[in-house]
Amino acid sequence: MSFTRAYTQRELEFIRANWQQKSAREIASELGRSERGIYKKIRDMHLREQAPDGGSPPMQSDAKNGAPMQSQGACEVATLHRAPTTDRERLAGLRDLIWASLAEAGPADVARLAPEYRKTLEEMGRLDERDAGRGHGSDDALADIISL
């Protein structure tokens, strides 16, 4: 079993000051700590709960403050005042739910959610191709896709 050295006050202040602007990888590199340790320390310090905007977790990539990936299809997220009526709208809603979960997830949850997110994006692409070729498909195809 390995033990980690305690965080110094300077390291804690650096994390508090930079966790929303820099990726966990950048912070870890500057402090000589592991990326996983930075994620854990951010969680232990309750920084997400203290952030005025709800806080955005540092991402594993070096992308900073990026918006969710947008599909290239014509129809986007269903409006909030009605239920989704097409497979495309349902998949867009599922994509957005998974993205929101990814934004709040720790490394272990990211590993679990990322394949579902990719699968949803791929299916949206297939649906776009299918719809471009011959009208809209049935809702049974969506049930097969998201069955867990």
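So, a few notes on the structure that sits alongside this text.

Conventions used here
Residues numbered from 1 in each chain as written. Predicted model: local features only at pLDDT ≥ 70, side-chain atom pairs only at ≥ 80, totals over all residues. Heavy atoms only, no water. Helix = DSSP H or I, 4+ residues; strand = E, 2+ residues; numbered from the N terminus. Buried < 20%, exposed > 50% of the residue type's maximum accessible area, 1.4 Å probe, protein only. Contact = heavy atoms within 4.5 Å. Areas by Shrake-Rupley, 256 points an atom, 1.4 Å probe, with all protein chains shown as cover. Expected span 1.5 Å × (residues − 1).

**Quick notes on the overall build of the protein**
- The helix and strand inventory of the protein stands at seven helices and zero strands.
- For the protein, the N- to C-terminal ordering of α and β elements is α-α-α-α-α-α-α.
- Looking at the 148 residues of the protein, the share that counts as buried comes to 32%.
- Put simply, of all contacts in the protein between residues at least 6 apart along the chain, 55% involve residues at least 24 apart.
- Summed over its atoms, the accessible surface of the protein is roughly 9,600 Å², and 55% of this surface lies on carbon and sulfur atoms.

**Some remarks on helix α5 (residues 87–104)**
- Across its 18 residues, α5 extends 26 Å between first and last C-alpha, which sits within 8% of the 26 Å expected from 1.5 Å per residue.
- Along α5, the residues classified as buried are Asp-87, Arg-88, Glu-89, Leu-91, Ala-92, Arg-95, Ile-98 and Leu-102.

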